[in-house]
Amino acid sequence: MGIRPPVQLTPSVSAVVGSVAKAVSWASAVADMSDEKDFLKGGVEKEEEPGVSFTGSAASVKQAEEEREPIKVEVALGADGCSDDLGCGDAGITPDLLGLAADEEKCRNIRKQYWQLIYNVQQNRDDIVNTASDSLTEALEEANVLFDGVSRTREAALDAQFLVLASDLGKEKAKQLNSNTSFFNQVAFCDFLFLFVGLNWMEDDEQDELSGCDDNVPLSFWETVQKEASSWMLRAETFHFIFGSFKSEPSAPKHRLDHQKKVHKMEENGDMPTKLRKVDLNSNQEATEKEVERILGLLQMYFRKYPDTPVSYFEFVIDPNSFSRTVENIFYVSFIIRDGFARIRLDQDRLPILEPININQMGEGNDPSSHGRKQGVISLSLEDWKNIVAAFEISEAMITNSY
Amino acid sequence: MTSSHTSGNATVEKLEDFINNINSVLESLYIEIKKGVTEDDGRPIYALVNLATTSVSKMASDFAENELDLFRKALELIIDSETGFASSTNILNLVDQLKGKKMRKKEAEQVLQKFVQHKWLVEKEGEFTLHCRAILEMEQYIRETHPDAVKVCDLCHGLLIQGQSCETCGIKMHLPCVAKYFQSNSEPRCPHCNDYWPHEIPEVFDPEKEREAGISKSNKKPLRSRQH
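Given the structure is predicted, the values throughout are model-derived calculations rather than measurements.

### What to know about the overall build of chain A
Of regular secondary structure, chain A possesses 15 helices and three strands. The 403 residues of chain A split such that 28% are buried. Contacts in chain A between residues far apart in sequence, at least 24 positions, make up 67% of those at least 6 positions apart. Carbon and sulfur atoms make up 54% of the accessible area of chain A, which totals about 27,800 Å².

Listed below in structure tokens is the structure:
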């Protein structure tokens, strides 16, 4: 924006004025860049201030022209911004110049502080960007405070420089912030999972705890997770089948025929053992019956030979050569008596004798049941048998062997 | 899966249409929902079965090669048996002849239990037979590979694994077929040879009774739960 100079100026002064005007416009442009109200205020203030300093400098320039050259230079320098090597102790300094000098001291101070601030921020750049600290905000607030004292464009320019730096850092921080929101912390998730399942192993000091657990712990862990997860997912059941998983072999039918033949053979074999068994069972009983019949035959033959003479039981039954045969004979004779083919009774000497029963007698209702059940037990020990053999002088068995 | 019941038959027809619609779409994939009847109590079932042997179907299996071979051997034993049941001992004795990785007898027991769990086999007092789902899926395979050993029901001409047989003429019938044929017949006679039918006639499956029994039992947890 243009400021009409209140006085006519020499070309050198006009150059100075031009540069000052440029600085002012630049300062206002900087003010437009920033969003902060303070800065705008400062910008507004700056518009006024340069005017004051301008007139001041213009006045001093005029004076300098009238008086001495060096002052002009000094004033020129002063118009651009306070210079550090301005000698204020020169003769002929008007009160305005003194005021200027005080300003310059202040400005130097401010500039020094700005440079310090910028340096600090640049040094701590990594710190500010990476940590979640307020250091950037603090630096900005410091710059704000400093800016209140800014009256020249030079300081304003420094302030602008600092702002550029601060906004760069801010942008970096913002970038980091965005990536942080989508960052997945796996370790934290695992810990939360364990808590969810109920395994508080964050509290355990021993790191080997988990490896020492039995199989049920991981099983129950996955079951709990599955229960929760499956309620959030819609899943169709997979198709399970068996047909089509293997080739159907054409050789199978041949296999089958063999199988059938084997089966038939098995059955035939199966028949034989049963038959044999039947024979065995029968033979046992048949053997007994055969023996009984044989002995009955012998007894009857004896009775036919010697009719009406009952045979001594012991003589008939005992085999002097074999005790076991004797026992068998007693066994078979008991069958004969049971079936009613012979009778046993005691004779006058109180010794048992065997008498035959005629078939006629049997037919006359003399069946065993009418006699009533009479049971006798004959016990014969080895000693008894020997004694009987000796007493009866039995030399040979009456019941001969069939084998 | 059993048909849902409301009063009236319209719902049942809708189910048939529903299934036919699905089947028409699945045809190109050689998959079908087949309807069958369980051999032991005559309950109607629907099963999703695979119909074709393709390069894809050979790859996608739940079971390893030796496990599939075990299933095949068990299947053979079941078909050859008189009663339709193969004893676990007989199946386990074939474990040494299996193709693929060598399987121990103990592993084989577990594999058989896996088959029972996945509803391919049914176990009853130490003997195994085919689950009705397996019969529906493997019927074609069985007829192709064991054409002479296959038993057929005299009434419905369907594949027969378990059933009753006539002592004199040897024909066999499914238990639910017997129940339906001799329903309210005081003197059951063999349809072939007219001899007296010697076995106990089972009862026809009654879905009403089944529902009552189901209500008294605790509800099974659904496989897919979207909410707790």
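Structure's up, so let's keep going.
### Comments concerning the overall build of chain B
When you go through chain B residue by residue, the secondary structure sums to eight helices and nine strands. A burial count over chain B gives 38% of its 228 residues as buried. A sequence separation of at least 24 residues applies to 47% of the contacts in chain B between residues at least 6 apart. Working note: accessible area of chain B is about 14,100 Å², and carbon and sulfur atoms make up 50% of it.

### Points about the sheet that holds strand 5 (residues 127–130) of chain B
All names here are of chain B. Strand order across the open sheet formed by three strands is 3-5-4, with antiparallel pairing between neighbours. Here the strands that pair on one side only, and so sit at the sheet edges, are strand 3 (86–87) and strand 4 (121–124). Packing of helix 3 (residues 65–80) onto the sheet brings it into contact with strand 3, strand 4 and strand 5, and relative to strand 5 it is tilted by some 95°.

### Points about the environment of Gly-340 of chain A
Along the chain, the position of Gly-340 of chain A falls in the loop between helix 12 (323–338) and strand 2 (342–346). Spatially, the C-alpha atom of Gly-340 of chain A lies 7.1 Å from that of Ile-357 of chain A, the residues being 17 residues apart in sequence.

### What to know about the side chain of Ser-57 of chain B
Turning to its location among the elements, Ser-57 of chain B is positioned in helix 2 (residues 55–59). Take Ser-57 of chain B: its relative accessible area is 4%, and that puts it in the buried class. At 2.8 Å, the side chain of Ser-57 of chain B forms a polar contact with the backbone nitrogen of Thr-54 of chain B. Dropping the residues within four chain positions of it, Ser-57 of chain B is found in contact with Phe-241, Gly-244 and Ser-245 of chain A together with Asn-50 and Ala-52 of chain B.

### Regarding the sheet that holds strand 2 of chain A
Residues and elements named next belong to chain A. Taken in spatial order, the three strands line up as 1-3-2 in an open sheet, and their pairing is antiparallel. Among the strands making up the open sheet, the edge pair consists of strand 1 (311–312) and strand 2. Pairing between strand 2 and strand 3 (residues 352–356): five bridges, direction antiparallel. Bridged to Arg-343 within strand 3 is Glu-355.

### Structural notes on the environment of Ile-45 of chain B
Residues and elements named next belong to chain B. Along the chain, the position of Ile-45 falls in strand 2 (residues 44–50). With a relative accessible area of 12%, Ile-45 lands in the buried category. With residues near it in sequence (within four places) discarded, Ile-45 still touches Lys-34, Lys-35, Gly-36, Val-37, Thr-38, Cys-132, Arg-133 and Leu-136.

### What to know about unusual backbone geometry
Trans is the common state for peptide bonds, and a negative phi is the common state for residues other than glycine. Residues and elements named next belong to chain B. A positive phi angle, close to 60°, is found at Tyr-30, a residue other than glycine. Considering the arrangement of structural elements, one finds Tyr-30 in the loop between helix 1 (10–26) and strand 1 (31–37). Positioned with a positive phi, Lys-119 is a non-glycine residue whose angle comes to about 65°. Within the secondary structure, Lys-119 is located in the loop between helix 5 (105–117) and strand 4.

### A short note on the packing of aromatic side chains
Applying the stated criterion across every chain yields a total of 15 aromatic pairs over all chains. Ring centres of Phe-194 of chain A and Phe-221 of chain A lie 5.9 Å apart, and the angle between their planes is 40°; this geometry places the pair in the tilted category. Of this pair, Phe-194 of chain A sits in helix 8 (residues 186–197) while Phe-221 of chain A sits in helix 9 (residues 216–230), and the two are 27 residues apart along the sequence. Here Phe-194 of chain A and Phe-221 of chain A have matching classes, each one buried. Summarising the aromatic geometry, the rings of Phe-314 of chain A and Phe-392 of chain A are spaced 5.9 Å apart at their centres and angled 55° between planes, so their arrangement reads as tilted. With Phe-314 of chain A in helix 11 (residues 313–317) and Phe-392 of chain A in helix 15 (residues 382–392), this pair connects stretches of sequence that are 78 residues apart. Taking NZ or CZ as reference, Arg-133 of chain B lies 3.9 Å from the ring centre of Trp-120 of chain B, over its face.

Definitions and limits used
Residues numbered from 1 in each chain as written. Chains lettered and ligands numbered in written order. Predicted model: local features only at pLDDT ≥ 70, side-chain atom pairs only at ≥ 80, totals over all residues. Heavy atoms only, no water. Helix = DSSP H or I, 4+ residues; strand = E, 2+ residues; numbered from the N terminus. Buried < 20%, exposed > 50% of the residue type's maximum accessible area, 1.4 Å probe, protein only. Contact = heavy atoms within 4.5 Å. Areas by Shrake-Rupley, 256 points an atom, 1.4 Å probe, with all protein chains shown as cover. Pairing = 2+ DSSP bridges. Axes fitted to C-alpha atoms, helices over the stretch in contact; angles between N-to-C directions. Polar contact = N/O pair within 3.5 Å; in protein donor to acceptor, adjacent residues only side chain to side chain. Phe/Tyr/Trp six-rings, centres within 6.5 Å; stacked < 30°, edge-to-face > 60°. Lys NZ or Arg CZ within 6 Å of the ring centre and 35° of its normal.

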